[in-house]
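Coordinate inspection notes
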Amino acid sequence: MFSSLKSKVTTIVQDESFGSTQKMQLICDLLRNEIPYYNWVGFYFKNGEKRELKLGPYAGAPTDHTIIPFGKGICGQVAESNENFVVPDVEAQDNYIACSITVKSEIVVPMFKNGENIGQIDIDSDTPDPFSKEDELFLEFVNQQVAGIL
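Owing to the predicted nature of the structure, the values given are computational and were not obtained by experimental measurement.

**What to know about the environment of Gly56**
In this structure, Gly56 sits in strand E2 (residues 52-59). Taking the C-alpha atoms as reference points, Gly56 and Phe43, 13 residues apart in sequence, are found 5.1 Å from one another. When residues no more than four places from it in sequence are discounted, the contact partners of Gly56 are Phe43 and Tyr44.

**As for the sheet that holds strand E3 (residues 67-69)**
If you walk across this open sheet you meet the 6 strands as E3-E2-E1-E6-E5-E4, and the pairing is antiparallel. What marks the edges here is a single partner per strand, and that holds for E3 and strand E4 (85-87). Sheet twist, expressed as the mean angle between neighbouring strand axes with direction ignored, is 25°. By the bridge criterion, 6 bridges tie strand E1 (residues 40-46) to strand E6 (residues 116-125) in an arrangement that is antiparallel. Within E6, the position partnered with Gly42 by the bridge is Asp122. Lying over the sheet, helix H2 (residues 20-34) contacts E1, E2 and E6, oriented at roughly 65° with respect to E2.

**Structural notes on the pairing of strand E5 (residues 105-113)**
With 7 of 9 residues buried, E5 is to be regarded as a mostly interior element. Pairing of E4 with E5 involves 3 bridges; the strand directions are antiparallel. Opposite Val87, over in E5, you have Glu106 as the bridge partner. Pairing of E5 with E6 involves 9 bridges; the strand directions are antiparallel. Opposite Ile107, over in E6, you have Ile123 as the bridge partner. Linking two consecutive strands that pair antiparallel, namely E5 and E6, is a turn of 2 residues; a positive phi of about 55° is found at Asn114 within it.

**Let's talk about the packing of aromatic side chains**
Summed over all chains, the structure comprises 7 aromatic pairs. When the ring of Phe43 is compared with that of Phe45, the centres are 6.2 Å apart and the planes differ by 20°; the resulting orientation is stacked. Using a relative accessible area of 0% as the deciding quantity, one classes Phe43 as buried. Grouped by ring-pair contacts, the aromatic residues Tyr37, Tyr38 and Phe131 constitute a single cluster.

**Quick look at the pattern of salt bridges**
Scanning all chains against the criterion turns up 3 salt bridges. Its salt-bridge partner being Lys8, residue Glu34 comes within 3.9 Å of it at the nearest N-O pair. With Glu34 in helix H2 and Lys8 in helix H1 (residues 2-14), this pair connects stretches of sequence that are 26 residues apart. By relative accessible area, Glu34 is classed as partly exposed at 38%. What makes Lys8 partly exposed here is its relative accessible area of 36%. Glu52 is the partner of Lys50 in a salt bridge, and the nearest nitrogen-oxygen pair spans 4.0 Å. You can call Glu52 buried: its relative accessible area is 17%.

**What about the packing of H1 against H2?**
Relative orientation of the contacting elements H1 and H2 amounts to 160°, with a least axis distance of 9 Å. Considering the angle they form, H1 stands roughly antiparallel to H2. Seen from above, H1 lies across H2 with right-handed handedness. Residue-level contacts link Leu5, Lys8, Val9, Ile12 and Val13 of H1 to Lys23, Leu26, Ile27, Leu30 and Glu34 of H2.

So, how was this worked out
Residues numbered from 1 in each chain as written. Predicted model: local features only at pLDDT ≥ 70, side-chain atom pairs only at ≥ 80, totals over all residues. Heavy atoms only, no water. Helix = DSSP H or I, 4+ residues; strand = E, 2+ residues; numbered from the N terminus. Contact = heavy atoms within 4.5 Å. Pairing = 2+ DSSP bridges. Axes fitted to C-alpha atoms, helices over the stretch in contact; angles between N-to-C directions. Buried < 20%, exposed > 50% of the residue type's maximum accessible area, 1.4 Å probe, protein only. Phe/Tyr/Trp six-rings, centres within 6.5 Å; stacked < 30°, edge-to-face > 60°. Salt bridge = Lys/Arg side-chain N within 4 Å of Asp/Glu carboxyl O. Parallel < 35°, antiparallel > 145°, perpendicular 65-115°, else oblique. Left-handed = near helix turned anticlockwise from the far one by under 90°.

Geometric values such as these leave the question of function open.
Here it is, written out as structure tokens:
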């Protein structure tokens, strides 16, 4: 599944008829539509010089979490740690920001450009503990592709 999705992501990134924001939106839509346990897919980016993340393109239910301070929630923790964060059960996390009562698990993978953490991809799932090492590697690939167009 992930190998065919990699080629689709690469095709989107290389399509010169779309701008970077459109490409990220297409990637969000693709991942949400193609991976059954990816119920919400979005990009957050560092908000200028502020110690906060700002929501970028996403696919899924609307969220109130358009700005997330560094350190708060899973996304805010990844902004500080620069490491992938897989949460098999969101209810077991003390520092979790609930986006929806249906969300059971989450994965957040940081995005780097020139060695700097510029943002992340955030996936919420209504399925308990669905994320594997393959998800992490695939999302790292997605972020490398996206960073290349920013």
